[in-house]
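A closer look at the structure
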Amino acid sequence: MLLFTPGPTPVPQNVRNAMSDETMHHRTPEFEAIFEQTRKHLFNLFKTDEVVMLASSGTGAMEAAVLNLCHNTLLNVNSGKFGERFGKIASACGLGHVEIKNEWDTPVSVEAVVETVKNNPNIDAIAVQISESAGGLRHPVEEIAKALKEINPNIMIIADGITAVGVEKIDVTHIDCLIAGSQKALMLPPGLSILGLSNSAVEKMGSGRGYYLNLASEVKKQKQNTTAYTAATTLIIGLLEVLQTIEADGGIDKLYEKTALRAKAVRTSLQAIGLHSYPTTPALSMTTIDDENASEIRKLLKEDFDVNVAGGQDHLKGKIFRINQMGLIPPYKMAWVVNAVELSLAKLGRRKYDGTASKVFNEIIFGLDN
Ligand SMILES: *Cc1c(COP(=O)(O)O)cnc(C)c1O
């Protein structure tokens, strides 16, 4: 079965092998050397002043960011389940929150954010997804960050990059906290999250808040290549292998290029067989198709063609399906996925099969389209 959900994503064979050794003790020079090397690679990936790894799923990093970087009122951008989650986290942390809500296909506008911040002087942090995975859309996070810092240089910009870090180059000039999670673009099993932090973020957190999620304690320890509590050793060993694999495959910029081309090829090939791309500003992490037969297509993909794609949640359950584009994906696997979607439409009697999807996909990927 081909796993093509936008998280979890498949773990490459060499990464699984790297994680198959005996468990290493975390307070040893051997592990600290691995930790140090991993940190170096992470600085190259995140381009932030500081990085911190946590033994938690992505949501743990979202909570750590809000808890440590928002001290009054959080502005959360809700164009989907993950944006909504930031508001719930703020409430759980005893913070106030103001929400800008849109339909799941609609990104927030820079103007709406600016106006909300101007009208609410208590807002001291904003949390927004770069790629909102609920509907697969891209928010204009860099523009928002720039505009907000012009109004208030002290406002903290928390960017959830769980389906963006490792997918595309992110300009972190005005971002204070950039979050990644292991099981999405980083091609690892779940359980590790990473936060890239600006110097202003480290300054604002002071001695930190919370206990396990206290980022100040982690920054202090991780600068010395160790962690405050037991590190997720196996996942960090896997992460180093992933980051080395990306290097060996031509580097991170090459991966960004390939991902962007793959995203274009998938979306264009599915549109060529009459399908509709759901979000108005699609993220590069996934292609989301809204379709009245979304459930049937997903079922056929799984049962007849060995392809596992994700559906929708809440009000989009049964209305969309989402195909992963993150990671090191060989073209022959991705080509099978778009072909399988076309075969499913034929099985449903919607369209006579003629191979258009794989033709368009291959032409774009292999540069035969001009
Ligand atoms: C998956 C995801 C999360 C949640 O991460 P978990 O690892 O499931 O806790 C948050 N934000 C985005 C954009 C995601 O895709």
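See the structure printed just above.
So, here's what we can say about the structure. Because the structure is predicted, anything quoted here is derived from the model rather than measured. (Residues numbered from 1 in each chain as written. Predicted model: local features only at pLDDT ≥ 70, side-chain atom pairs only at ≥ 80, totals over all residues. Heavy atoms only, no water.)

1. Side note on the packing of helix H5 (residues 110–119) against helix H6 (residues 141–151)
What counts, and what does not: Note on geometry: axes are C-alpha line fits, over the in-contact stretch for helices, and angles between N-to-C directions span 0 to 180 degrees. Helix and strand labels come from DSSP, where a helix needs a run of H or I of at least four residues and a strand needs a run of E of at least two; each type is numbered from the N terminus. In this scheme, roughly parallel covers angles under 35 degrees and roughly antiparallel covers those over 145, while 65 to 115 is roughly perpendicular and the rest are oblique. Left-handed describes a crossing whose near helix is turned anticlockwise from the far helix by less than a right angle; the clockwise case is right-handed. Throughout, a contact is declared for two residues whenever any of their heavy atoms are within 4.5 Å. We call Asp, Glu, Lys and Arg charged. Ala, Val, Leu, Ile, Met, Phe, Trp, Tyr, Cys and Pro are nonpolar, and the rest, Gly among them, are polar.
At a minimum axis separation of 9 Å, H5 and H6 run at an interaxial angle of 30 degrees. Judged by the angle between their axes, H5 and H6 are roughly parallel. In the crossing of H5 with H6, the sense of the turn from one axis to the other is right-handed. Between H5 and H6, the contacting residues are Val110, Val113, Val114, Val117 and Lys118 on the first element and Glu143, Ile144, Ala147, Leu148 and Ile151 on the second. Looking at the contact of H5 with H6 residue by residue, the class counts come to eight nonpolar, no polar and two charged.

2. Topic: the site of the ligand
We count it as follows: When we say a residue is near a molecule or strand, we mean one of its heavy atoms is within 4 Å of it. In protein, a polar contact means a hydrogen-donor-capable atom and an acceptor-capable atom, both N or O and within 3.5 Å, with residues adjacent in sequence counting only if both atoms are side-chain atoms; elsewhere, any N or O pair within 3.5 Å suffices. Here the accessible surface of atoms and residues is derived via Shrake-Rupley with a 1.4 Å probe, and residues count as covered only by protein chains that are part of the display.
In the neighbourhood of the ligand, 14 residues make up the surrounding shell, with Ser57, Thr59, Ser133, Asp160 and Lys184 lying closest. A distance of 2.8 Å separates an oxygen atom of the ligand from a polar atom in the backbone of Gly58. When the ligand sits alone it has 390 Å² of accessible area, and the protein chains cover 90% of it. Secondary structure elements with two or more residues in the shell around the ligand: helix H3 (58–69) and helix H4 (81–92). Looking at the shell around the ligand element by element, the count peaks at three residues for H3. Grouping the constituent residues of the shell around the ligand by class yields three nonpolar, eight polar and three charged.

3. Focus on the sheet that holds strand E14 (residues 320–324)
Rules: When DSSP finds two or more bridges between a pair of strands, those strands are recorded as paired.
Taken in spatial order, the three strands line up as E11-E12-E14 in an open sheet, and their pairing is antiparallel. Two strands bound the open sheet, and with one partner strand each, they are strand E11 (276–277) and E14. Note that E11 and strand E12 (residues 286–290) share two bridges and pair antiparallel. Pairing of His276 across the sheet is with Asp290, part of E12. Each of E11, E12 and E14 touches helix H10 (residues 252–272); the most contacted strand, E12, lies at about 20 degrees to it.

4. What about the packing of aromatic side chains?
The line we're drawing: Stacked, tilted and edge-to-face are the three classes applied to pairs of Phe, Tyr and Trp rings, where Trp contributes its six-membered ring and a pair requires centres within 6.5 Å; stacked means planes under 30 degrees apart, edge-to-face means over 60, and tilted covers the rest. Counting as a charge over the ring demands two things of the Lys NZ or Arg CZ atom: a distance within 6 Å of the ring centre and an angle within 35 degrees of the ring normal.
On inspection of all chains with the given rule, the structure shows four aromatic pairs. Between the aromatic rings of Phe305 and Trp336, the centroid separation amounts to 6.3 Å while the plane-to-plane angle is 65 degrees, which identifies the pairing as edge-to-face. You can see Phe305 sitting in helix H11 (residues 294–305) and its partner Trp336 sitting in helix H12 (residues 331–347), a full 31 residues away along the chain. Pairwise contacts between aromatic rings join Tyr211, Tyr212 and Tyr229 into one cluster. Positioned above the aromatic ring of Phe82, the side-chain terminus of Lys184 is 5.4 Å from the ring centre.

5. Examining the pattern of salt bridges
Which entries qualify depends on this criterion: Note on definitions: salt bridges are taken to be side-chain nitrogens of Lys or Arg within 4 Å of carboxyl oxygens of Asp or Glu.
On inspection of all chains with the given rule, the structure shows 16 salt bridges. The shortest N-O distance in the salt bridge between Lys146 and Glu150 comes to 3.5 Å. With a gap of four residues between them, Lys146 and Glu150 both fall in helix H6, about one helical turn apart. A salt bridge links Arg350 to Asp291; the nearest nitrogen and oxygen atoms lie 2.8 Å apart. Highlighted residues: Arg350 in the loop between H12 and helix H13 (356–365) and Asp291 in the loop between E12 and H11, separated in sequence by 59 residues.

6. Points about the sheet that holds strand E5 (residues 123–129)
Taken in spatial order, the seven strands of this open sheet run E2-E10-E9-E8-E5-E3-E4, and their pairing is mixed. Each edge of the open sheet carries a strand with a single partner, namely strand E2 (50–54) and strand E4 (96–101). Averaged over all pairs of adjacent strands, the angle between strand axes in this sheet comes to 20 degrees, irrespective of strand direction. Two elements, strand E8 (residues 156–160) and strand E9 (residues 177–181), share three bridges in a ladder whose sense is parallel. When the sheet's bridge partners are listed, Asp160 is paired in E9 with Ile179. H3 contacts E2, strand E3 (73–78), E5, E8, E9 and strand E10 (193–197) of the sheet and is inclined by roughly 160 degrees relative to E9.

7. Thoughts on H10
Let me state the cut-off plainly: How far a helix is expected to stretch is found by multiplying one less than its residue total by 1.5 Å. Exposure categories follow from relative accessible area, calculated using a 1.4 Å probe and restricted to protein chains: below 20% of the type maximum is buried, above 50% is exposed, and the middle band is partly exposed.
Given a rise of 1.5 Å per residue, 21 residues ought to cover 30 Å, and the 30 Å separating the end C-alpha atoms of H10 matches this to within 8%. Within H10 the residues assigned to the buried category are Ile252, Leu255, Tyr256, Thr259, Arg262, Ala263, Ala265, Val266, Ser269 and Leu270. Each element contacted by the buried residues of H10 is listed here: helix H2 (29–46), helix H9 (233–248), E12, E14, H12 and H13. Following H10 by one or two positions, Gly274 adopts a phi angle in the positive range, close to 90 degrees.

8. Some details on the packing of H3 against H4
H4 packs onto H3 with a crossing angle of 50 degrees between their chain directions and a minimal axis gap of 10 Å. Overall, the two elements H3 and H4 adopt an arrangement that is oblique. The interaxial crossing formed by H3 with H4 has right-handed handedness. Residue-level contacts link Thr59, Met62, Glu63 and Val66 of H3 to Phe82, Arg85, Phe86, Ile89 and Ala90 of H4. Looking at side-chain class alone, the contact of H3 with H4 contains six nonpolar, one polar and two charged residues.

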